[in-house]
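One-letter residues, chain by chain:
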Amino acid sequence: MTSDSVIDELKKAQILELLEQGKRVDGRTLDEPRKICIEINAIPKANGSARVYLGDTQVLCGVKIQPDKPFPDVGDKGMFMCTAELLPLSHPTVETGPPQAPVIELARVVDRGIRESHMVDVSDLVIEKDKSVVGVFADVVAIDYDGNLFDACSYAATAALLTSKTPTWEMVDDQPSVVEGADKPLPVTTIPVSVTMGKIGNYIVVDPNGDEWDSMDSRVTITTDSDGNICALQKGGSDGFTQDEINQCGELSIKVGAKIREQLKSVQQESQ
Amino acid sequence: MGGRDATMVLLDENGIRCDGRKIDEPRRIMIKAGGLKNADGSAYIEFGDNKILVGVFGPRDVHPKHMSDTDTGILRVRYHMEPFSVGERKRPAPSRREIEISKVIKEALEPAVMLEKFPRTAVDVFIEVLQADGGTRCAALTAASVALADAGIPMRDMVAAIASGKVADTIILDVNNEEDQAGQADMPVGYMPSLKKITLLQLDGVLTPEEYKKCVDVGVKGCEVVYELQKKALHDKYFGNKGD
């Protein structure tokens, strides 16, 4: 995904040529994300799960909820963590072994977007203060790659969290013990939506597909919350943005994100 | 990193911050170009209580060889914190945070360095955080630009960096450690003032659309101040008095 071959150069030239006519390789408008398909409860053994297709990019998220020891300085809060990983079957260039910088960045950006929105209300996930809290782990794996894993992983984690059911625990003999038949939805306060925009030449495109991803000069991922505020951002890639472009991307992320949030909301409602 | 003090006043009624600064006032910044004998270029920065050393090597042969690119030189950046740089000892192996910051700084520098002039070579930038106090990535990026210039590597511009943020519902310049831990938002900005391009931008914390635009603007203006100090550091080394 990183080395440029002659074919890549030709592809990039074609993508740029089309953009100059206001078109994209797959016929979308510049501010149009690909079709998003969300299948919830794909893994019934998880507390919540979602398979998300963003065009041909496919990812799967499973949420596990279990009692854990709290961090020493925050005994009055539960834990939330989100990870992301590229499976070797997702693309011919993916190798096994410890994650490389791009994958570490992916995981951290997806986690940060959801964490900074305060989606999961961790203050509501305490079994006994300083002794036992609830840990919520959203693990996302990329199954098939066609660009923009940032948004696909974020939607999968968000959809899985929105539809998760958490058991209830009580302390018995100083150990957390599950209360039977007391499962309830996870406490969520907002729906974060991540929107990634790529800059190709002087054009900003929403949700770059695989070919666009390989051709873009730089990118920015912006996460917005249900109030239409911006709660996380990450710029990447080997070129810069002007201040006007950054402002424009902020507006785009709010506009595009609002529509995607409606889709996530309907997924949540269907599950109840 | 630091402990959190819930009772601390981040911004008092006179608009003065926890360390005595005004809302648009950066911390004390001292940049020195050069200083290392073996590196091709180097810089040292004190940014508030941050103390960061940067050494640059190259353009030089690429090892391992398969990493080399026949069309262009490559830039490699390692951001590393010393175990003693923070409150509680940091394990010396690179953390996921350090790997991400290395990547972000690399991509912030790439637009500035004319790597295409040196195909099949590598420029290595080694950043060592000796003492950390919030805003290390911005201070590191600022110093790395000076070190690259000191190494005589052709550049389009230097990248200056500083963080803007939100504390007590107010947009501020140069977020310190306490403000990062207890504040509402932190936005590191890296900017090439002559080319007017933002090359590093991150955000965590909630901002309204208006605050977002203001935060970017405050950060960009702060970078212009840092830029002057970068130029002064180079000027002092190459055109200043030996006694300075």
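Above this text you will find the structure in question.
Definitions and cut-offs
Residues numbered from 1 in each chain as written. Chains lettered and ligands numbered in written order. Predicted model: local features only at pLDDT ≥ 70, side-chain atom pairs only at ≥ 80, totals over all residues. Heavy atoms only, no water. Helix = DSSP H or I, 4+ residues; strand = E, 2+ residues; numbered from the N terminus. Rg over C-alpha atoms; globule rule 2.2 N^0.38 Å. Buried < 20%, exposed > 50% of the residue type's maximum accessible area, 1.4 Å probe, protein only. Contact = heavy atoms within 4.5 Å. Areas by Shrake-Rupley, 256 points an atom, 1.4 Å probe, with all protein chains shown as cover. Lys, Arg positive; Asp, Glu negative; His and termini not counted. Charge placed at Lys NZ, Arg CZ, Asp CG, Glu CD. 1 Å grid on protein atoms, 1.4 Å probe; cavity = no way out; pocket = protein on both sides within 12 Å on 5 of 7 lines; lining within 4 Å. Points joined across faces, edges and corners; volume = space filled by probe spheres on them. Phe/Tyr/Trp six-rings, centres within 6.5 Å; stacked < 30°, edge-to-face > 60°. Pairing = 2+ DSSP bridges. Right-handed = clockwise from strand over helix to strand, strands pointing away. Axes fitted to C-alpha atoms, helices over the stretch in contact; angles between N-to-C directions. Expected span 1.5 Å × (residues − 1). Buried area = accessible area lost by both parts, 1.4 Å probe. Salt bridge = Lys/Arg side-chain N within 4 Å of Asp/Glu carboxyl O.

Chemist: Explain the overall build of chain A to me, please; I cannot follow it from the model alone.
Modeler: Regarding its fold elements, chain A presents 5 helices and 12 strands. Taken over the C-alpha trace, chain A has a radius of gyration of 20 Å; the compact-globule value for 272 residues is 19 Å, and the two agree within 12%. Principal-axis analysis of the C-alpha atoms gives chain A an extent of 70 × 40 × 35 Å. For chain A, buried positions account for 53% of its 272 residues. Across chain A, contacts joining residues at least 24 apart in sequence account for 69% of those joining residues at least 6 apart. When the accessible surface of chain A is summed, it comes to about 12100 Å², and 50% of that surface belongs to carbon and sulfur atoms. Across chain A, the centroid of the 26 positively charged side chains sits 2 Å from that of the 44 negatively charged ones.

Chemist: Help me understand empty space enclosed by the protein in this model?
Modeler: One way to see where empty space is left: roll a probe the size of a water molecule over the atoms. Here the structure, examined in full by the defined rule, presents 2 cavities of 30 Å³ or more. Reported here for the largest cavity is a volume of approximately 50 Å³. Together, Val109(A), Arg112(A), Gly113(A), Thr221(A), Thr223(A), Ala232(A), Leu233(A), Gln234(A) and Leu203(B) line the largest cavity. Within the residue set of the lining of the largest cavity, elements represented by two or more residues are helix H2 (101-116), strand E11 (218-224) and strand E12 (230-236) of chain A.

Chemist: Could you clarify how one ought to interpret the packing of aromatic side chains in this entry?
Modeler: The relative placement of two aromatic rings is captured by the distance of their centres and the angle of their planes. All names here are of chain A. Under the criterion given, the structure shown has 2 aromatic pairs over all chains. Summarising the aromatic geometry, the rings of Phe150 and Trp213 are spaced 5.9 Å apart at their centres and angled 25° between planes, so their arrangement reads as stacked. Taken together, the positions of Phe150 in helix H3 (residues 149-162) and Trp213 in helix H4 (residues 210-215) put the pair 63 residues apart, joining distant regions of the chain. When its relative accessible area of 5% is taken as the criterion, Phe150 is described as buried.

Chemist: In this structure, what is going on with the environment of Val193(A)? I would like to understand it.
Modeler: Residue and element names in this part refer to chain A. As for its position among the elements, Val193 is in strand E9 (residues 193-200). According to the relative accessible area criterion, Val193 is buried, its value standing at 0%. Sequence spacing of Val193 and Gly257 is 64 residues, and the spatial spacing of their C-alpha atoms is 5.6 Å. Discounting chain neighbours no more than four positions away, the residues touching Val193 are Tyr155, Ile222, Thr223, Thr224, Gly257, Ile260, Arg261 and Leu264.

Chemist: Looking at this structure, how should I read the pairing of strand E4 (residues 74-81) of chain B?
Modeler: Every other side chain in a regular strand lies on the same face of the sheet, so the side chains alternate between the two faces. Residue and element names in this part refer to chain B. Of all 8 residues in E4, 7 are buried; the element is thus mostly enclosed. Where E4 meets strand E5 (residues 121-131), 8 bridges bridge the pair, whose relative direction is parallel. Considered in E5, the bridge of Arg78 is made with Phe126. A crossover links E4 with its parallel partner E5, the connecting element being helix H1 (residues 96-109), and its sense is left-handed.

Chemist: Looking at this model, I keep getting lost on the sheet that holds strand E3 (residues 50-61) of chain B. Mind explaining?
Modeler: Remark on secondary structure: sheet strands pair via backbone hydrogen bonds, oriented parallel or antiparallel. Residue and element names in this part refer to chain B. The strand order across the open sheet formed by 5 strands is E1-E2-E3-E5-E4, and the pairing between neighbours is mixed. The strands lining the two open edges of the sheet, one partner per strand, are strand E1 (29-33) and E4. Here the average twist between neighbouring strands, direction ignored, is 15°. Bridge analysis of E1 against strand E2 (residues 41-47) gives 5 bridges, and the strand direction is antiparallel. Residue Ala33 lies in a different strand from E2, and its bridge partner there is Ala43.

Chemist: Help me out: how do you make sense of the sheet that holds strand E7 (residues 170-173) of chain B in this one?
Modeler: On the basis of which strands lie adjacent, the open sheet formed by 8 strands has the order E10(A)-E9(A)-E11(A)-E12(A)-E9(B)-E8(B)-E6(B)-E7(B) and antiparallel pairing. One side of each edge strand has no neighbouring strand; the edge strands of this open sheet are strand E10 (203-206) of chain A together with E7 of chain B. The mean angle between the axes of side-by-side strands here comes to 20°, regardless of whether they run parallel or antiparallel. Where helix H2 (residues 136-150) of chain B meets the sheet, it contacts strand E6 (160-167), strand E8 (185-192) and strand E9 (197-207) of chain B, and its direction lies at approximately 160° from that of E6(B).

Chemist: Sorry if this is basic, but what is going on with H3(A) here?
Modeler: Two residues of an α-helix separated by three or four positions point the same way, owing to the 3.6 residues in each turn. In this model H3(A) runs 20 Å from its N-terminal to its C-terminal C-alpha over 14 residues, within 8% of the 20 Å that 1.5 Å per residue would give. The element H3(A) is largely enclosed, with a buried count of 14 among its 14 residues.

Chemist: I tried to follow the interface of chain B and chain A on my own but got confused; where do I start?
Modeler: It is common to give the size of an interface as the accessible area lost on bringing the parts into contact. Each side of the interface is counted separately: chain B has 30 residues, and chain A has 36 residues. Summed over both partners, the interface of chain B with chain A buries about 2900 Å², with 53% contributed by carbon and sulfur atoms. Among the residues of chain B in contact with chain A, Arg96(B), Glu100(B) and Tyr212(B) are the three that bury the most area, contributing 21% of the side total. At the surface where chain B touches chain A, the tally comes to 5 salt bridges.

Chemist: Is there a simple way to think about the pattern of salt bridges in this case?
Modeler: Pairing between side chains becomes possible if they bear opposite charge and their charged atoms approach one another. One pass over the full model with this rule turns up 42 salt bridges over all chains. Salt-bridge contacts for Asp207(A) lead to Arg34(A); the nearest nitrogen and oxygen are separated by 3.0 Å. Placement of Asp207(A) in the loop between E10 and H4 and of Arg34(A) in the loop between helix H1 (6-20) and strand E1 (36-40) is noted, with a sequence separation of 173 residues between them. Each of the two residues, Asp207(A) as well as Arg34(A), counts as buried. The partner of Arg21(B) in a salt bridge is Glu179(B), with the nearest N and O atoms 3.7 Å apart. On the criterion of sequence distance, the pair formed by Arg21(B) in the segment before E1 and Glu179(B) in helix H3 (residues 177-182) is long-range, its members being 158 residues apart.

By themselves, these are just geometric observations and shouldn't be taken as functional.
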